[in-house]
Amino acid sequence: MATNLTVPRSISDPNPASRRPNRYTVPATVSLIKMCKITEEVHQVHGILVKTGLIQEIGVVNALIEFCASSSINLQYAQSVFRITEDPSLFTKNIMLRCHSRSECPPSAVSFYVQLLNEGFQLNRFAFSFLVQACTRSQLNAEGKQIHAQIIKSGEIDSYLASSIVSLYSGRGDLHSAQQAFELSRGVVASWNAIIDGYAKMGEVDVAKKLLEEMPKRSLISWTALMTGYVHSGRYRDALDCFQTMQKEGIRPDEQTLVSVLPSVSRLGALSLGKWIHSYVENAGMEMNVFLGSAMIDMYAKCGSIDSAMELFERIEPSKRNVVTWNAITGGLAMHGRGMEALDMFQDMLRNRVKPTDVTFVGVLKACSHGGMVDEGVKYFKEMEEVHGIKPTMELYGCMVDLLGRAGRLEEAERLVRSMKEQPGLVVLKALLSACKVHRNVDIGERMGLELIELASDDSSCYVLLANLYAQAGRWEDVKSVRNLMRERGLKKIAGCSSIELNDEAHEFHAGDMTHPCTRVIYSKLDEMRQRLEEEGYTPDTTQVLADIEEEEKETALYRHSEKLAIAFGLINTEPGSTIHIIKNLRVCSDCHAATKLVSKLYNREIIVRDQNRFHHFKNGLCSCMDYW
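Residue positions are given per chain, counting from 1 as you read along its sequence in written order. Side-chain atom pairs in this predicted model are given and counted only at pLDDT of 80 or more, local residue features only at pLDDT of at least 70, and totals for whole chains, interfaces and linings cover all residues. Side-chain metrics in this entry use all non-hydrogen atoms of the structure; hydrogen atoms and water are not considered.

### Considerations on the packing of helix 15 (residues 236-248) against helix 16 (residues 255-268)
- Where helix 15 contacts helix 16, the two axes come as close as 9 Å, and the packing angle between them is 135 degrees. Between helix 15 and helix 16, the angle is such that the two are oblique. Pair helix 15 / helix 16 crosses with left-handed handedness. Here helix 15 contributes Tyr236, Arg237, Ala239, Leu240, Phe243 and Met246 to the contact with helix 16, which in turn contributes Thr257, Leu258, Val261, Ser264, Val265, Arg267 and Leu268.
- Residue polarity is assigned by list, with Asp, Glu, Lys and Arg as charged and Ala, Val, Leu, Ile, Met, Phe, Trp, Tyr, Cys and Pro as nonpolar; anything else, Gly included, falls into the polar class. Taken together, the residues of the contact of helix 15 with helix 16 break down into 9 nonpolar, 2 polar and 2 charged. Axis definition: a line fitted to C-alpha atoms, limited for helices to the stretch in contact. Angles are taken between N-to-C directions and run from 0 to 180 degrees. Strands here mean DSSP runs of E at least two residues long; helices mean DSSP runs of H or I at least four residues long; both are numbered from the N terminus. Here the word oblique covers every angle except those under 35 degrees (roughly parallel), over 145 (roughly antiparallel) and from 65 to 115 (roughly perpendicular). Handedness of each helix crossing follows the sense of rotation of the near helix against the far helix: counterclockwise by less than a right angle gives left-handed, clockwise gives right-handed. In this description, contact between two residues means that some pair of their heavy atoms is separated by no more than 4.5 Å.

Written out as structure tokens, the structure is:
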């Protein structure tokens, strides 16, 4: 709704003599335009200017167009003002270029520039900077090079423009040209930031780090660019090390930096660091905006503290939640096995008129899958396209196959795979092969496994899944053939690894690990756990050892699984009654699952395990997954 502005009498006076432009009316009009907050207010002033004839004053025209340039939705309005302007000044034309470059259609800046050239317009560095911005935003490669050549010819270059050129090339991955432009502007901090950002985005994070170390004066922007590069390259530990080094140098993170580093906290399960970041945000008086809030919710959910995620979600006003916020909490609840709550959250999202995305339905289908709600999942999968117009992605097909597969509906899952219009990807075939292993269906599993090996010949996990399926069926010759094929192709099995955080340090364990400094104490605790479990009636599930060895060797191998070592370490080094958080890189085996349920009861501990697929909350001898995973 438009605001009623108080218009000075010198502007609105109906007396023609009073409204002749003078040294007072033009500045007063410009000030009035600058006071406008929304387009409707400018329209009010514009109407008065037309009536009074002040619309022909170039200072007033510039103010109107400048207002439009501050908002990307006002390009058409700016054009209408410019078209009726007699003899627009150089400044006016530059403002129009700026307006085009910031609009929803940045290439229009280049078209406008061509029009100006035909009229004999000579560009200056301000005009060039707006054109470079437009080319960067729109990935206009050829046009960008042409404009760069004209900049060199004109000699109209300054430090800001030079750094913009570095961004132009680095943004489209032309690091050679970006490096050449950078060499001409090494004295500009913005150029260093642009080149570091370019290398980091292209995955050349080691080069970006070297440049950061050479930088005369490192800035928050350069640190954030390197951290973001580490995250995109999957080097989460390096991202956290970078974050901590930055603070040691006395540079305080802002909202954007925290949003950049939180995914690493999530992936590594570094809950203590996540809590520190939350505390930092509150103590620094930062606004918990929708981006930071969503990243924080996702962090708590993925670090095993779903109640903290829910608490933070509830503190964000409904009007300030966007689809990313809803996706974070819905997906988080699904991961923790709280399927009904996730579906209720989805319905709340729809009631708040937030349009779902494909990511939303990934969370919804996982909620149904982990909760065994097959019919509900099938219904949502149909509604996704029919009601919401979202076509199934490869990940969504994978979720659907996983949903049917977990429930043992393997033939139905295979029919879905065969009905896909495009070739099934890894995520789809792996979901079905994993389900076949759980339900010991060798026929379908073998078909999926052979397709997987053909589709992804360099992915060791495909061979391992197939070999494990054969091992379950006692087909040891086939197991040997698959393993020989792996060796011939230079592939190695991904080792199972479990980690636990203690005093801000991650302790990692592999099966049968003897490398930890506390190995002797850990194995002593493991022997104690084994004795208490056996007294409780626990029998090792040796079917989980997929190797052709003696039964006693199988039992020994089971007791040395990585998550059992991590739990033993946690029991030794944490306060009695406190929660133990474990992260495992593979799926929890059924023997470790059964053992951990009993350990939670015998030692009166809640043990939260995040595996490859979901969270398991073990407490009082039970698991949140209800043995359905």
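### A closer look at the nonpolar core
- Throughout, nonpolar core names a set of buried Ala, Val, Leu, Ile, Met, Phe, Trp, Tyr and Cys residues whose side chains join them through atoms within 4.5 Å. Remark: exposure states derive from per-residue accessible area (1.4 Å probe, protein chains only) relative to the maximum for the residue type, with buried under 20%, exposed over 50%, and partly exposed in between. Membership of the largest hydrophobic core comes to 151 residues, with the highest contact counts inside it found for Leu97, Val265, Ile277, Met296 and Leu432.
- With 9 residues, helix 28 (residues 460-472) is the single largest residue contributor to this core.
- What leucine 432 contacts, discounting residues up to four positions off in sequence, is Val401, Leu410, Ala413, Glu414, Val417, Ile444 and Met448.

### Considerations on helix 28
- Expected span of a helix, by definition, is 1.5 Å for each gap between consecutive residues, and there is one gap fewer than residues. Look at helix 28: 19 Å from first C-alpha to last across 13 residues, which is about the 18 Å you get at 1.5 Å a residue.
- In terms of residue burial, helix 28 counts as a mostly covered element, since 13 of its 13 residues are buried.
- Count one or two residues on from helix 28 and you reach glycine 474, which has phi positive near 75 degrees.

### Considering the pattern of salt bridges
- Whenever a carboxyl oxygen of Asp or Glu lies within 4 Å of a side-chain nitrogen of Lys or Arg, that contact is scored as a salt bridge. Under the defined criterion, the tally for this structure stands at 27 salt bridges.
- Taking the shortest distance from any N to any O, the salt bridge between arginine 315 and glutamate 282 comes out at 3.0 Å. Placement of arginine 315 in helix 19 (residues 306-315) and of glutamate 282 in helix 17 (residues 271-283) is noted, with a sequence separation of 33 residues between them.
- For glutamate 282, a relative accessible area of 44% puts it in the partly exposed group.
- Here aspartate 402 and arginine 406 are joined by a salt bridge, their closest N and O atoms 2.7 Å apart. Linking aspartate 402 with arginine 406, this pair stays in helix 24 (residues 394-406), spanning 4 residues, or about one helical turn.

### Considerations on the pairing of strand 1 (residues 497-502)
- Counting buried residues in strand 1 gives 5 out of 6 residues, a clear majority hidden from the surface.
- Relative to strand 2 (residues 505-510), strand 1 runs antiparallel, the two sharing 6 bridges. Bridging across to strand 2, leucine 502 finds its partner in glutamate 505.
- Connecting the antiparallel pair strand 1 and strand 2 is a turn made up of 2 residues, with asparagine 503 showing a positive phi of about 50 degrees. Between any two strands, at least two bridges found by DSSP are needed for them to pair.

### Comments concerning a positive patch on the surface
- Distance thresholds for patches are 9 Å for like charges and 5 Å for nonpolar side chains (Val, Leu, Ile, Met, Phe, Trp, Tyr), applied to residues having over 30% relative accessible area and no salt bridge. Here the accessible surface of atoms and residues is derived via Shrake-Rupley with a 1.4 Å probe, and residues count as covered only by protein chains that are part of the display. Only four residue types enter the charge count: Lys and Arg as positive, Asp and Glu as negative, with His and the chain ends excluded. Just so you know, the charge point we use is NZ for Lys, CZ for Arg, CG for Asp and CD for Glu. There is a patch of like positive charges on the surface, built from Lys480, Arg483, Arg487 and Lys493.
- Topologically, arginine 487 is positioned in helix 29 (residues 476-488).

### What about the pairing of strand 5 (residues 615-619)?
- Among the 5 residues in strand 5, 4 count as buried, and that is most of the element.
- Direction of pairing for strand 4 (residues 607-610) relative to strand 5: antiparallel, over a ladder of 4 bridges. Paired with isoleucine 608 across the strands is histidine 617, a residue of strand 5.
- Connecting the antiparallel pair strand 4 and strand 5 is a turn made up of 4 residues.
- With antiparallel pairing between neighbouring strands as the criterion, strand 5 and strand 6 (residues 622-623) make up a hairpin whose turn holds 2 residues, including asparagine 620 at a positive phi of roughly 55 degrees.

### Description of the sheet that holds strand 5
- Overall, mixed pairing links the 6 strands, which are arranged 2-1-3-4-5-6 in an open sheet. At either margin of the open sheet sits one strand with a lone partner, and together these are strand 2 and strand 6.
- The strands touched by helix 33 (residues 590-602) are strand 4, strand 5 and strand 6; relative to strand 5, the strand with the most contacts, the crossing angle is about 40 degrees.

### Here's the deal with the packing of aromatic side chains
- Two rings from Phe, Tyr or Trp (for Trp, the six-membered ring) form a pair when their centres sit within 6.5 Å of each other. Planes less than 30 degrees apart are called stacked, planes more than 60 degrees apart edge-to-face, and all others tilted. Following the criterion strictly, the structure yields 9 aromatic pairs and no others.
- For the pair phenylalanine 243 and tryptophan 276, a centre-to-centre distance of 6.3 Å together with 75 degrees between the ring planes defines the contact as edge-to-face. Residue phenylalanine 243 is found in helix 15, and its partner tryptophan 276 is found in helix 17; the two are separated by 33 residues along the sequence.
- Residue class for phenylalanine 243 comes out buried when judged on its relative accessible area of 0%.
- The class of tryptophan 276 is partly exposed, set by a relative accessible area of 37%.
- A connected cluster of aromatic rings, assembled from ring pairs, spans Phe243, Trp276 and Tyr280.
- One residue, arginine 321, lies across the ring of phenylalanine 313, its end atom 4.0 Å from the ring centre. Comment: the charge-over-ring label is applied if NZ (Lys) or CZ (Arg) is within 6 Å of the ring centre and within 35 degrees of the ring normal.

### Let's talk about the environment of alanine 78
- The residue alanine 78 is located in helix 5 (residues 75-83) in this model.
- Each C-alpha atom of the pair alanine 78 and leucine 64 lies 7.4 Å from the other, and the pair is 14 residues apart in sequence.

### Things to note about helix 27 (residues 442-455)
- In a regular helix each residue adds 1.5 Å, so 14 residues correspond to 20 Å; helix 27 covers 19 Å between its end C-alpha atoms and thus fits that length.
- Looking at helix 27, one finds that the buried residues are Val442, Ile444, Gly445, Met448, Gly449, Leu452 and Ile453. Looking straight down helix 27, one finds that the buried residues subtend no more than 160 degrees of arc, so they occupy a single side. Among the exposed residues of helix 27, those pointing more than 90 degrees away from its buried face are Asp443 and Glu454. Working definition: the arc comes from the directions between the helix axis and the C-beta atoms, pointing outward to the latter.

### Quick notes on the packing of helix 23 (residues 374-386) against helix 24
- Two elements in contact, helix 23 and helix 24, have axes separated by 10 Å at closest approach and are oriented at 160 degrees. It follows that helix 23 is roughly antiparallel to helix 24 by the angle criterion. When you trace helix 23 past helix 24, the crossing you get is left-handed. For the pair helix 23 and helix 24, contact is made by Val374, Gly377, Val378, Phe381 and Met384 and by Leu396, Tyr397, Met400, Leu403 and Leu404, respectively.
- When grouped by side-chain class, the residues that make up the contact of helix 23 with helix 24 number 9 nonpolar, 1 polar and no charged.

By themselves, these observations are geometric and do not establish any function.
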